[in-house]
Amino acid sequence: KSQPVSWNIQEADRLGKQGVKELLVIAQDSTSYGWDLNPRLGLHDLMDKLDSIDTLDWIRLHYAHPAHLHSNMIERFKTLDRLIPYIDMPVQHGSDKILKLMRRGLKSEGISKKIDALRSANNNIAIRTSIIVGFPGETDKDFQDLYKFIEQSQFDRLGVFAYSEEEGTYGAKHLIDDVPKEVKNERMDEIMLLQQKISLDKNKKLIGSNQKVLVDATSNEGYSICRTYRDAPEIDNYVRVDKILDTGKFYNVKIKEAYPYDL
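Read on for an overview of the structure. (Residues numbered from 1 in each chain as written. Predicted model: local features only at pLDDT ≥ 70, side-chain atom pairs only at ≥ 80, totals over all residues. Heavy atoms only, no water.)

Below, the discussion takes up the packing of aromatic side chains. Following the criterion strictly, the structure yields four aromatic pairs and no others. For the ring pair Trp58 and Phe250, a centre distance of 5.0 Å and an interplane angle of 65° mean the geometry is edge-to-face. One end of the pair, Trp58, is in strand 2 (residues 58-61); the other, Phe250, is in strand 9 (residues 250-254), with 192 residues separating them in the sequence. In this structure Trp58 comes out as buried when scored by relative accessible area, which is 5%. With a centroid separation of 5.0 Å and an interplanar angle of 70°, the aromatic rings of Phe135 and Tyr163 are classed as edge-to-face. (Phe/Tyr/Trp six-rings, centres within 6.5 Å; stacked < 30°, edge-to-face > 60°. Helix = DSSP H or I, 4+ residues; strand = E, 2+ residues; numbered from the N terminus. Buried < 20%, exposed > 50% of the residue type's maximum accessible area, 1.4 Å probe, protein only.)

If you want it as structure tokens, here you go:
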């Protein structure tokens, strides 16, 4: 259910005035926002209004369904100031057969086109995704298709989960959970190792660069835990700065060392 734009703006403005620096826009499928409003609106209409709230610094978009991600929203990554170049877009798989069984609405080629469009709109964009391995009917070939898809897509952030039946879903009602647990775990490990390499390669490219970071926390041991725009709180990478900084403030830092999941 979509809350009216005015309600969301009022809430965002209230948070901004309380000192909130970063707004996370989250829904089960944020990209279908506004379809049920009268008159019908799109997520980009909400983003246009949120972007004008000058007490906020960062607006971060989560859970964008690839099949529902409209070109109008993609375009906003080029034109809006506070919408940071980050999108959490769960693609779930890279095999066309499995995507069809999951009823995702796009084939792997269609998902690749959305990724290309996002990178064309803003070449600094960080794309986070999530993957499910061991979905009913997933063969070795399906898994290889997924592996190649991730290798080709070079996601900036990736979470991987082993399939488990969820009550009330199409999979639980109509499909047999036929991939053995040990196979699911092996496939999960393979994807994580691949992503670890991709992540390290991308992080190494940032060595020597200056990055704007937001400070999340400080340690008694004399360092601060920060994030660049590429990282959502609690789920993504972090930047360790060997100095006590003010929590909730932005700083420019120089990157000296890179690891798979932190700088």
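Moving on, we get to the nonpolar core. Ranked by internal contacts, the top residues of the largest apolar core, which has 44 residues, are Met47, Leu50, Ile87 and Leu118. Counting eleven residues, the second-largest nonpolar core is a separate cluster that includes Val213, Val215, Val239 and Ile255. (Core = buried A, V, L, I, M, F, W, Y, C linked by side-chain atoms within 4.5 Å.)

Overall, parallel pairing links the five strands, which are arranged 1-2-3-4-5 in an open sheet. Only two strands of the sheet have a single partner each, and these edge strands are strand 1 (22-25) and strand 5 (157-162). Neighbour-to-neighbour, the strand axes of this sheet turn through a mean angle of 15°, independent of strand direction. Direction of pairing for strand 3 (residues 83-88) relative to strand 4 (residues 126-133): parallel, over a ladder of three bridges. Bridging across to strand 4, Ile87 finds its partner in Ile127. (Pairing = 2+ DSSP bridges. Axes fitted to C-alpha atoms, helices over the stretch in contact; angles between N-to-C directions.)

What follows concerns the layout of surface pockets. Considered as a void within the structure, the largest pocket measures approximately 1,000 Å³ in volume. Elements supplying a minimum of two residues to the lining of the largest pocket: strand 4, strand 5 and helix 7 (170-174). Here the lining of the largest pocket gets four residues from one element, more than from any other, and that element is strand 4. A class-by-class count of the residues in the lining of the largest pocket yields 17 nonpolar, nine polar and seven charged. Secondary-structure elements contributing two or more residues to the lining of the second largest pocket are helix 1 (5-17), strand 1 and helix 2 (43-50). Tallying contributions element by element places helix 1 first for the lining of the second largest pocket, with five residues. Its residues placed into classes, the lining of the second largest pocket shows twelve nonpolar, five polar and four charged. (1 Å grid on protein atoms, 1.4 Å probe; cavity = no way out; pocket = protein on both sides within 12 Å on 5 of 7 lines; lining within 4 Å. Points joined across faces, edges and corners; volume = space filled by probe spheres on them. Nonpolar A, V, L, I, M, F, W, Y, C, P; charged D, E, K, R; others polar.)

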